[in-house]
Amino acid sequence: MGQPANLKKQARERMARTGESYTTARKNILTGKPESPKAARAAAARDYAKEAREAKAKGKVAKPAQPAAPAPQDELPEYPAPEDVIQYDAALWHRVLVQAGVTNPVTGAPLSQALLAGLAGGIGFMVFTFEYEETTTATLVTRAHPEPYTQNLLARCGAKINERTTGSAQKAVEYMDAALDAGRAVVVRVAINALPWIDGNEVDEAETIDLAVVGDHEDDLLVDDGSGVLNVISPADLAFARAKRKKEKHWQAWVPSTRSPKVEVLVANTLEAIEETTSRLLGTRELSGIPTHFAKNFGIAGMRTFAERLRDTTTKTGWTRMFAEPARLAGGMNQLSGFLTDTRFGGEGALRGLYAEFLDEVSGLPGLSALGEHSADYVKLAQQWDDFAELVDPEVTVDERSAMFARMADAIERIAQAEEKAAIALAGTVKSLATQA
């Protein structure tokens, strides 16, 4: 995603010569498309013809149009390439907010991936297993859950966000084009298995992902899917992938203003986010939308439930029996390993290291310096989670599975104890700070 350092200047100059929009001029420079000698004359003729028609309808005589002044979006930072992505959605919105020019009001730096991840809810825990006819799944989530992660991020970051949902594919395109014409990236929600570069047979049809549409490429669109390379997708394919998301059909969001969040808003939202995170982990807050009998699979209680099932070698809910067949064992352990290393629902150090960075960063906000004292706890937890991930062997044999599960249980019990201690201490500090505010 490398781009010329003077791309904005080149785009403005090309706009003046050709009459292209900023987005089109920028795209044509990036793709090396040469300027047509007739482009400027054709653009001027189209504009003048349109004005002439409108003037004639009003009984007025049209005058030649004056060159437009440079638009504010021409001064925006360029859309950055993904770097050091730990949590997919927080990193995606970090890039979108960088391109929009939104900054931290205290430091003047961009809103970081760590800050956005923490505001979204940061960390959590959930484990579920399901037995199907031919396979047994193992799902482990270590980010905040079941909170609406991205919606929390958008609500708490303090930036101005335009969100739209529509049942009309045509209106969805119009809304997206308006944002792109303003020089801004647009985040859209799509069904993963409908993306042309994804093998749909390997992805659950209900699974979704947010992509940033960053501009045009000839008749197609350029999208950022976090891979580090902009993917090309046709408008028709994107519309199809968006429409398959029934719950939030054609959802999109973009940042129309460079306005930075207010300091007091960030302070209040930080305390709210941490209180939610710790209470979910400690089980002191009700899980919205989750049946009561499933609560034992969430938070620190969920970690202890997990340890029990790992040790259980006799009952049908114990992992030794659930993964007794070679195919089920290999599939389940591959899936578990994927969740621990993936950046969507888990990630490096189970996202605990990123949460430590969040606590360090928000400790620079007025009145929140005490939060930084807790970051060391989460740095240690990140290492413990990485050590746990190393214990998961997708190639383990059926004969060795119970011994591996026992080692995993030992590690999870230690993690649960450390998580509880860290969460209780952090919750106490937040309560104290909220009282003082």
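Preceding this section is the structure that the text describes.
Figured I'd write up the structure that's included with this text. Computed from a predicted structure; not experimentally measured.

Under the 1.5 Å per step criterion, the end-to-end length of helix H10 (residues 299–311) is 19 Å for 13 residues, consistent within 8% with the ideal 18 Å. Looking at H10, one finds that the buried residues are Gly 299, Ile 300, Gly 302, Met 303, Thr 305, Phe 306, Ala 307 and Leu 310.

Tallying each qualifying case throughout the model produces 13 aromatic pairs. Centroid distance Phe 306 to Phe 388: 6.2 Å. Interplanar angle 75 degrees. Geometry classified as edge-to-face. In this pair, Phe 306 is assigned in helix H10 and Phe 388 in helix H14 (residues 375–391), connecting sequence segments 82 residues apart. Taking relative accessible area as the criterion, Phe 388 reaches 0% and is therefore assigned buried. What links up through ring pairs into an aromatic cluster is the set Phe 125, Phe 306, Trp 319, Phe 323, Trp 385, Phe 388 and Phe 405. The positively charged end of Arg 143 is found above the aromatic ring belonging to Tyr 149, 4.3 Å away from the centroid. Taking NZ or CZ as reference, Arg 189 lies 4.0 Å from the ring centre of Trp 251, over its face.

Now for the environment of Trp 254. Within the secondary structure layout, Trp 254 lies in strand S8 (residues 252–254). You can call Trp 254 buried: its relative accessible area is 13%. Along the backbone, Trp 254 and Arg 164 are 90 residues apart, and their C-alpha atoms lie at a distance of 9.3 Å. Beyond its immediate sequence surroundings of up to four residues, Trp 254 is in contact with Trp 93, Lys 160, Ile 161, Asn 162, Ala 179, Ala 182, Arg 184, Ala 185 and Val 186.

Summary: where empty space remains is shown by rolling a probe the size of a single water molecule over the atoms. Using the criterion set out here, one finds 4 cavities of 30 Å³ or more in the structure. Considered as a void within the structure, the second largest cavity measures approximately 70 Å³ in volume. Among the elements of the structure, strand S1 (123–131) and helix H9 (263–282) are those that each provide at least two residues to the lining of the second largest cavity. Tallying contributions element by element places H9 first for the lining of the second largest cavity, with 4 residues.

Right, let's get into the nonpolar core. Soluble globular proteins tend to bury their nonpolar side chains together. In terms of nonpolar packing, the biggest core is built from 105 residues, with Trp 93, Phe 306, Trp 319, Met 333, Tyr 378 and Phe 388 touching the most fellow members. In this structure Phe 306 touches Phe 125, Val 127, Leu 140, Trp 319, Phe 388, Met 408 and Ile 412, once residues within four positions along its chain are discounted. Ranked by size, the runner-up nonpolar core spans 5 residues in total, among them Met 126, Val 141, Leu 287 and Phe 298.

Reading guide: rules and limits
Residues numbered from 1 in each chain as written. Predicted model: local features only at pLDDT ≥ 70, side-chain atom pairs only at ≥ 80, totals over all residues. Heavy atoms only, no water. Helix = DSSP H or I, 4+ residues; strand = E, 2+ residues; numbered from the N terminus. Expected span 1.5 Å × (residues − 1). Buried < 20%, exposed > 50% of the residue type's maximum accessible area, 1.4 Å probe, protein only. Phe/Tyr/Trp six-rings, centres within 6.5 Å; stacked < 30°, edge-to-face > 60°. Lys NZ or Arg CZ within 6 Å of the ring centre and 35° of its normal. Contact = heavy atoms within 4.5 Å. 1 Å grid on protein atoms, 1.4 Å probe; cavity = no way out; pocket = protein on both sides within 12 Å on 5 of 7 lines; lining within 4 Å. Points joined across faces, edges and corners; volume = space filled by probe spheres on them. Core = buried A, V, L, I, M, F, W, Y, C linked by side-chain atoms within 4.5 Å.

Scope: geometric values only; no functional claims are made or implied.
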